[in-house]
Amino acid sequence: MADSTGPENHKFSLQEVLDSFRVCLSEDEHVSLERYVAGWRGLVKFMNSLGNVFTFISKDAVSKIQILVNFLNGENGSHYVTIQSMVKYELENGLVDVSKRGTHPESGCRTLLRLHRALRWLELFLERLRISKEDGKTSVMCADAYNESLSQHHPWVIRKAAGMAFCVLPGRPTFFEVMNVGSTEKVVEMLGEAVPMISKVYKITEDLYAQNNLLELP
Ligand SMILES: CCCCCCCCCCCCC/C=C/[C@@H](O)[C@H](COP(=O)(O)O)NC(=O)CCCCCCCCCCCCCCC
């Protein structure tokens, strides 16, 4: 009998989540917003399964995901099919606050930029996890990845709170177990495939934002 439980109910695997970032790319390197957002949804679910201390992080991610979902389901949804079409549509129609926050504080472009910056953190963190040894500390990997990327965009108080959350991250064995991918070898293999895909999505988005001068949107 076919599995009728659907992706929401069957046992959570990080592999499926990371797959979203593979399938969000079309052959001509357009990035599907719906699948990008689906990837983030899965990541948030994973993060929530690690404990309540991460709620302040996931809340922010969830509200950003929701903003994008509203655009996707809204009357102009056809312009939000890919990140490329979203950028074009919002810029051509003056829907982005470019230098300071004004009439469009929650544009798709600035909202996605926040997730995009966090994707760089994810890429760096997963790569550290992939090459880590048995006694590797997830808190250190996470903090190093954060300091090298996302932290540069955060004020002191957020950096402090993030640092505290990292300290209570579960250790590498628990982390690998919660991923629900299988043996350590399997996890490493899965990460070996996922990280380059995430890098690719990151790079395409980064280039698109750079070409349109969108990397510092308020
Ligand atoms: C698994 C450990 C989770 C560590 C997550 C590391 C990221 C730390 C980010 C701390 C963000 C704190 C919340 C607030 C952020 C906002 O101020 C800030 C700016 O927004 P604004 O311009 O609208 O004001 N927002 C952001 O930068 C967006 C942050 C989005 C964070 C999403 C993190 C999701 C992490 C998913 C974890 C999955 C781990 C999988 C690993 C196997």
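Quantities reported herein were computed from a predicted structural model and do not represent experimental measurements.

A. Summary view of the packing of aromatic side chains. Here the structure, examined in full by the defined rule, presents 8 aromatic pairs. Note on Phe21 and Tyr36: the rings are 5.9 Å apart at their centroids and 80° apart in plane angle, and the pair reads as edge-to-face. Of this pair, Phe21 sits in helix 2 (residues 14–23) while Tyr36 sits in helix 3 (residues 33–48); the two residues are 15 residues apart in sequence, bridging distant segments of the chain. Arranged with centres 6.5 Å apart and planes meeting at 90°, the rings of Phe21 and Trp40 form a pair that is edge-to-face. On the criterion of sequence distance, the pair formed by Phe21 in helix 2 and Trp40 in helix 3 is long-range, its members being 19 residues apart. Across the pair, Trp40 and Phe21 agree in class, each one buried. What links up through ring pairs into an aromatic cluster is the set Phe46, Trp121, Phe125 and Phe175.

B. Representation of the confidence of the model for the protein in the model. Summarising the model, the protein shows a mean pLDDT of 93, and 95% of its residues fall at 70 or more. Segment residues 1–7: pLDDT under 50, and 3 contacts once partners within four positions in sequence are set aside and those in other chains are kept. Two numbers describe this predicted complex: its pTM, 0.94, and its ipTM, 0.96.

C. Representation of the packing of helix 7 (residues 138–148) against helix 8 (residues 156–167). Where helix 7 contacts helix 8, the two axes come as close as 8 Å, and the packing angle between them is 155°. By the angle between their axes, helix 7 is roughly antiparallel relative to helix 8. As helix 7 runs across helix 8, the sense of the crossing is right-handed. Two secondary-structure elements touch here, helix 7 through Ser139, Cys142, Ala143 and Tyr146 and helix 8 through Ile158, Arg159, Ala162, Phe166 and Cys167. Considering only residue class, the contact of helix 7 with helix 8 consists of 7 nonpolar, 1 polar and 1 charged.

Reading guide: rules and limits
Residues numbered from 1 in each chain as written. Predicted model: local features only at pLDDT ≥ 70, side-chain atom pairs only at ≥ 80, totals over all residues. Heavy atoms only, no water. Phe/Tyr/Trp six-rings, centres within 6.5 Å; stacked < 30°, edge-to-face > 60°. Helix = DSSP H or I, 4+ residues; strand = E, 2+ residues; numbered from the N terminus. Buried < 20%, exposed > 50% of the residue type's maximum accessible area, 1.4 Å probe, protein only. pLDDT = per-residue confidence, 0-100. Contact = heavy atoms within 4.5 Å. Axes fitted to C-alpha atoms, helices over the stretch in contact; angles between N-to-C directions. Parallel < 35°, antiparallel > 145°, perpendicular 65-115°, else oblique. Left-handed = near helix turned anticlockwise from the far one by under 90°. Nonpolar A, V, L, I, M, F, W, Y, C, P; charged D, E, K, R; others polar.

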